[in-house]
Amino acid sequence: MQLSHFGEKFAAPSGISELMEDLSAALADDPSLLFMGGGNPGRVDAAEQLFRRLMDGLLSDAQCRHELLGLYQSPNGDRSFREELASYLNKTLGWEVKASNIALSNGSQSAFFILFNLLAGPGRSGNARSGSPDCFRHIQLPFAPEYVGYRDVGLQSDFFRAERPNIEMLSDDRFRYSIAFEQLKIGDNTGAVCVSRPSNPTGGMLADTELEQLSTRCESAGVPLILDAAYGLPFPGLVYGGAQAFWNHNTVLTLSLSKLGLPGLRTGIVIAREDLIAGFNRANTVINLASSTVGPQLLRGCLIDGTLDELCRESLLPFYSERRSIALSTLARERGSLPLYAHESEGGFFLWLWCKDLPIDSAELYGRLKQRGVIVLPGNGFFMGLAEPWRHQQECLRLSFAGDKSRIEQGVTRVIEEL
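Residues numbered from 1 in each chain as written. Predicted model: local features only at pLDDT ≥ 70, side-chain atom pairs only at ≥ 80, totals over all residues. Heavy atoms only, no water.

Trainee: I'd like to hear about the overall build of the protein, residue by residue, with values.
Mentor: Each helix and strand in the protein was counted, giving 12 helices and 16 strands. In summary, the protein has a C-alpha radius of gyration of 21 Å against a globular reference of 22 Å for 419 residues, a match within 12%. Principal-axis analysis of the C-alpha atoms gives the protein an extent of 60 × 55 × 50 Å. By the burial criterion, 53% of the 419 residues in the protein qualify as buried. Within the protein, contacts between residues at least 6 apart in sequence are counted, and of these 73% link residues at least 24 apart. (Helix = DSSP H or I, 4+ residues; strand = E, 2+ residues; numbered from the N terminus. Rg over C-alpha atoms; globule rule 2.2 N^0.38 Å. Buried < 20%, exposed > 50% of the residue type's maximum accessible area, 1.4 Å probe, protein only. Contact = heavy atoms within 4.5 Å.)

And the structure:
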């Protein structure tokens, strides 16, 4: 079978597909494995009870049940939910958002595929009516490592540009990446700048001042800033220190219902200026026809009456905070004299480890850890867009601390034993 260029790219093994296939196979073969590799949220009883009550209410009402299962939504997504979300954002954060500034997608991964390819790749170098020749615009990452799921969504190769971060040692077992603003280039060949906050994979949070500086640089260059807040603000709010939610009309803010405990509903949220949302919706129509109804219908009313904020504040944040403490205390207790450093954990539910001077590649370490019965993610795949090789990218691991408390402790201990 002869594939197109598109087929050759997307049907071929990729970083994200290989990891997901490997993880799925490993779990199917041996459910006793300590699974610390994926992005599945933890099982939070209060969240499950709330979602069950809400689902029971929908299914018991004939009209709601019909709207849930028997109707296509518009490509924009459920209008009532978008109006409620706009009201919530304006009331709680003081933003000036309308329903027309909001689009829904079948998960964030689908949203990034559309957004990245709308804004980057080959296109006119100037005014489209001027007959200017094509140029290639890139997605600029302020630094790598960055979310591995971005890596392969571009329709063309060489899609990303990234800089090495500054590395600040905070103590004998902690460090932090920060943007090397003096190296960051945002110009005519930049289609958009994208950053996750909190960071997937590191759990770091761009400080409010860093984000303001990055936003100002983007706005001055006429380049949109894509801010991926899947783990952050305003919900699910998995942030362990002081930080503010951020949006302006040059920002494309992406949110998700997944980390609330609803990954199976595949609901992503895009908040941006109206002309970009209109273009996004047209592309979404071609690719997906319509967006899922289940997530928006399930949470109708929960934003305005405060139920969602209460769940995030009273249940989700304490749940992950406790597990974060277990992961970090186990690391501190077991690491001994190893040159092993954790990125400062400021949000989300990942522990990012720098195994300094690791004598093997982290991909090989991943295989050896699997033999020990623990699944993690090797760091190599998170470093896209760098101009030159960097040994550091072969020395890192991402561990999830979303699981059972005893298994977190066992998993971190096994990693350290292998190191």
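From this point, the discussion proceeds with the structure in view.
Trainee: Talk me through the sheet that holds strand β16 (residues 396-400); I want residue IDs and the actual numbers.
Mentor: Ordered by their spatial adjacency, six strands build an open sheet running β6-β7-β12-β13-β16-β15, and the pairing between neighbours is mixed. Among the strands making up the open sheet, the edge pair consists of β6 (166-169) and β15 (377-378). Against the sheet, helix α11 (residues 362-371) contacts β15 and β16, and its axis sits at roughly 40 degrees relative to β16. (Pairing = 2+ DSSP bridges. Axes fitted to C-alpha atoms, helices over the stretch in contact; angles between N-to-C directions.)

Trainee: Go over the pairing of strand β11 (residues 268-271), please, and point to the residues and values.
Mentor: Alternating positions in β11 separate into two faces, Gly268 and Val270 on one and Ile269 and Ile271 on the other, with burial throughout. Pairing of strand β10 (residues 251-256) with β11 involves four bridges; the strand directions are antiparallel. Along β11, the bridge assignment pairs Ser256 with Gly268.

Trainee: Tell me about the packing of helix α3 (residues 45-60) against helix α4 (residues 62-69), residues and numbers included.
Mentor: Contact geometry for α3 and α4: axes closest at 5 Å, N-to-C directions at 105 degrees. It follows from the interaxial angle that α3 and α4 lie roughly perpendicular. Along the contact surface, α3 presents Met55, Leu58, Leu59 and Ser60, while α4 presents Ala62, Cys64, Arg65 and Leu68. (Parallel < 35°, antiparallel > 145°, perpendicular 65-115°, else oblique.)

Trainee: Any chance you could break down the side chain of Ser315 for me, citing the residues and the numbers?
Mentor: Along the chain, Ser315 falls in helix α10 (residues 307-334). On the accessibility criterion, Ser315 (17% relative accessible area) is buried. Setting aside residues up to four positions removed in sequence, Ser315 forms contacts with Val44, Ala46 and Glu310.

Trainee: Pulling in residues and values, what's your account of the pattern of salt bridges?
Mentor: For the structure shown, the criterion picks out 22 salt bridges. Lys356 is paired through a salt bridge with Asp357; the nearest N and O atoms lie 3.6 Å apart. Linking Arg372 and Glu417 is a salt bridge whose minimum nitrogen-to-oxygen distance equals 3.5 Å. Taken together, the positions of Arg372 in the loop between α11 and β14 (374-375) and Glu417 in helix α12 (residues 405-418) put the pair 45 residues apart, joining distant regions of the chain. Residues participating in the shared-partner salt-bridge network are Arg368, Arg372, Glu417 and Glu418. (Salt bridge = Lys/Arg side-chain N within 4 Å of Asp/Glu carboxyl O.)

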